[in-house]
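Observations on the three-dimensional arrangement
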Amino acid sequence: MVKRIFQGVGILVLLALVVMAVSVVRFDKSKEELLPKYASPASQFIALPDGAVAHVRDEGPREAPALVLIHGSNASLHTWEPWVKLLGGKYRVVTMDMPGHGLTGAVPGDDYSRTAMVAFTHEVVGKLGLTHYAIGGNSMGGGVAAEYAETYPAEVSALVLVDAAGIPRKAEAGEKLPLGFRLARMPVLNKILLYVTPRSIFAEGLHKVFVDQSKVTEEMISRYYDLALYDGNRKATSIRFRTPSNDEAVAERLGAIRAPTLILWGDKDTLIPVENAAEFARRIPGAKVVIYPDVGHVPMEEVAEKSAADVAAFLDGALAGEKAAEPGLPAETAPVHHDGQIEVLPLSPE
């Protein structure tokens, strides 16, 4: 009798554990499930030589100057939608989901290094027939854009860095990255994230990158969450977070960039400190800097109209033949937004 009671209790405990596991385990989401939600009429799926299929949007007048934009870590091409809307009438704007992100998903070979993303981007623009274009990126994508300008200088007409990665730095005392980033770097827990991925992680992360909390909508959180669960993306993220950064190598070559460069930064960025904007400008000859007061990590979304206007003004000058600083000469002064004003600050050469 007692034995039967223990067996019954054991079965109940096992069932409870199964129910708990089912309630927290999240399976990958398929292309059939997510394409209707997150592809648009502008979406293209471009097959690349290594077997990857890139989700790309190529919008705006085909005869206009081209601007290629690269999103940040755990984001997608959707982060650029405000700029596409504001700049797409004047420029040909190309956005894409990077390997292991969005609807591009996992790629053959599982190489999610920054250098692999540079090669991926170059293959995409080649497929689109682009030979001379401006390139820009945010966060991780800014590091990719910087390395791209170093790797393909003859093709890059202008460079736009938005709260960009690429400057080596050590974490400061008390600094807190979003929970999702911290978990992805933990050897055991990052394996659990392949199966247990709470939506709350994405909500917390998004609230950290915006100062204006009204910008973080339920729709935005759902999109980040859904695309993170797209088939293969969680495994790709785990691999990417274990891949060593090449910030040192990228930073060392910044001085060779000759493309006119615009650096945009939110002064309340909690992921990459605003001081890095000055460091990029110190290293890149002639770089211009715009700092947005009370703005976080993604100015292209948080202050879309201001940042798009600054990019348009910059590209108008750069693509009309504005010269970058020549080797060996002091860098130009840089207009910097501060408390709603423009303050001219000298940028010292490296």
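For the structure, see preceding data.
Residues numbered from 1 in each chain as written. Predicted model: local features only at pLDDT ≥ 70, side-chain atom pairs only at ≥ 80, totals over all residues. Heavy atoms only, no water.

So, about the overall build of the chain. Regarding its fold elements, the chain presents 14 helices and 10 strands. Looking at the chain as a whole, 52% of its 350 residues are labelled buried. When the accessible surface of the chain is summed, it comes to about 16200 Å², and 61% of that surface belongs to carbon and sulfur atoms. (Helix = DSSP H or I, 4+ residues; strand = E, 2+ residues; numbered from the N terminus. Buried < 20%, exposed > 50% of the residue type's maximum accessible area, 1.4 Å probe, protein only. Areas by Shrake-Rupley, 256 points an atom, 1.4 Å probe, with all protein chains shown as cover.)

Let us now look at the packing of helix H8 (residues 199–209) against helix H9 (residues 218–228). Where H8 meets H9, the closest approach of the two axes is 9 Å, and the angle between their N-to-C directions is 125°. Comparing their axes, H9 and H8 come out oblique. H9 is crossed by H8, and the crossing has right-handed handedness. Residues Arg199, Phe202, Ala203 and Leu206 of H8 pack against Glu218, Met220, Ile221, Ser222, Tyr224, Tyr225 and Ala228 of H9. For the contact of H8 with H9, the class distribution of residues is 8 nonpolar, 1 polar and 2 charged. (Axes fitted to C-alpha atoms, helices over the stretch in contact; angles between N-to-C directions. Parallel < 35°, antiparallel > 145°, perpendicular 65-115°, else oblique. Left-handed = near helix turned anticlockwise from the far one by under 90°. Contact = heavy atoms within 4.5 Å. Nonpolar A, V, L, I, M, F, W, Y, C, P; charged D, E, K, R; others polar.)

All right, on to the packing of helix H2 (residues 31–38) against H9 then. Interaxial distance between H2 and H9 falls to 11 Å at its minimum, and their mutual angle equals 150°. One way to sum up the angle between H2 and H9 is to call them roughly antiparallel. Classified by chirality, the crossing of H9 by H2 is left-handed. Residues Leu34, Lys37 and Tyr38 of H2 form the contact with H9, whose own contacting residues are Ser222, Arg223, Asp226 and Leu227.

Here we come to unusual backbone geometry. Here the phi dihedral of asparagine 74 falls at roughly 65°; this positive angle occurs in a residue that is not glycine. With respect to the helices and strands, the residue asparagine 74 is situated in the loop between strand E3 (66–70) and helix H3 (81–87). Residue classification places asparagine 74 among the partly exposed residues on the basis of a relative accessible area of 23%.

By the element assignment, threonine 237 lies in helix H10 (residues 233–242). Aside from chain neighbours lying at most four places away, what touches threonine 237 is Asn74 and Gly100.

Attention now moves to the sheet that holds strand E5 (residues 133–139). Backbone hydrogen bonds are what pair the strands of a sheet, in a parallel or an antiparallel way. Spatially, E1-E2-E4-E3-E5-E6-E7-E8 is the arrangement adopted by the 8 strands of the open sheet, whose pairing is mixed. For this open sheet the edge positions go to strand E1 (43–47) and strand E8 (288–292), each flanked by a neighbour on one side alone. Across the sheet, the mean angle separating the axes of adjacent strands is 20° when strand polarity is ignored. Pairing of E5 with strand E6 (residues 156–164) involves 7 bridges; the strand directions are parallel. Residue pairing in the sheet places glycine 136 in a bridge with valine 160 of E6. Across the sheet, helix H12 (residues 275–283) is in contact with E6, strand E7 (261–266) and E8; its angle to E7 comes to roughly 170°. (Pairing = 2+ DSSP bridges.)

For the rest of this paragraph, the subject is the pairing of strand E4 (residues 92–96). E4 sits mainly inside the fold: 5 of its 5 residues count as buried. A two-sided burial pattern is seen for E4, the buried positions comprising Arg92, Val94 and Met96 on one face and Val93 and Thr95 on the other. Two elements, strand E2 (residues 53–59) and E4, share 4 bridges in a ladder whose sense is antiparallel. In the sheet register, aspartate 58 faces E4, and the bridge partner there is valine 94. As defined by bridge partners, E3 adjoins E4 across 5 bridges and the pair is classed as parallel. When the sheet's bridge partners are listed, leucine 69 is paired in E4 with threonine 95. On the question of chirality, the crossover connecting E3 to the parallel E4 by way of H3 is right-handed. (Right-handed = clockwise from strand over helix to strand, strands pointing away.)

Bringing the pattern of salt bridges into the picture now. Oppositely charged side chains may form a pair once their charged atoms are brought near each other. Under the criterion given, the structure shown has 15 salt bridges. One salt bridge connects aspartate 58 with arginine 92, and the closest N-O pair in it is separated by 2.7 Å. In this pair, aspartate 58 is assigned in strand E2 and arginine 92 in strand E4, connecting sequence segments 34 residues apart. An identical accessibility class is assigned to aspartate 58 and arginine 92; each is buried. For aspartate 267, the salt bridge identified is with lysine 268, shortest N-O distance 3.3 Å. Given the relative accessible area of 39%, lysine 268 is considered partly exposed. (Salt bridge = Lys/Arg side-chain N within 4 Å of Asp/Glu carboxyl O.)

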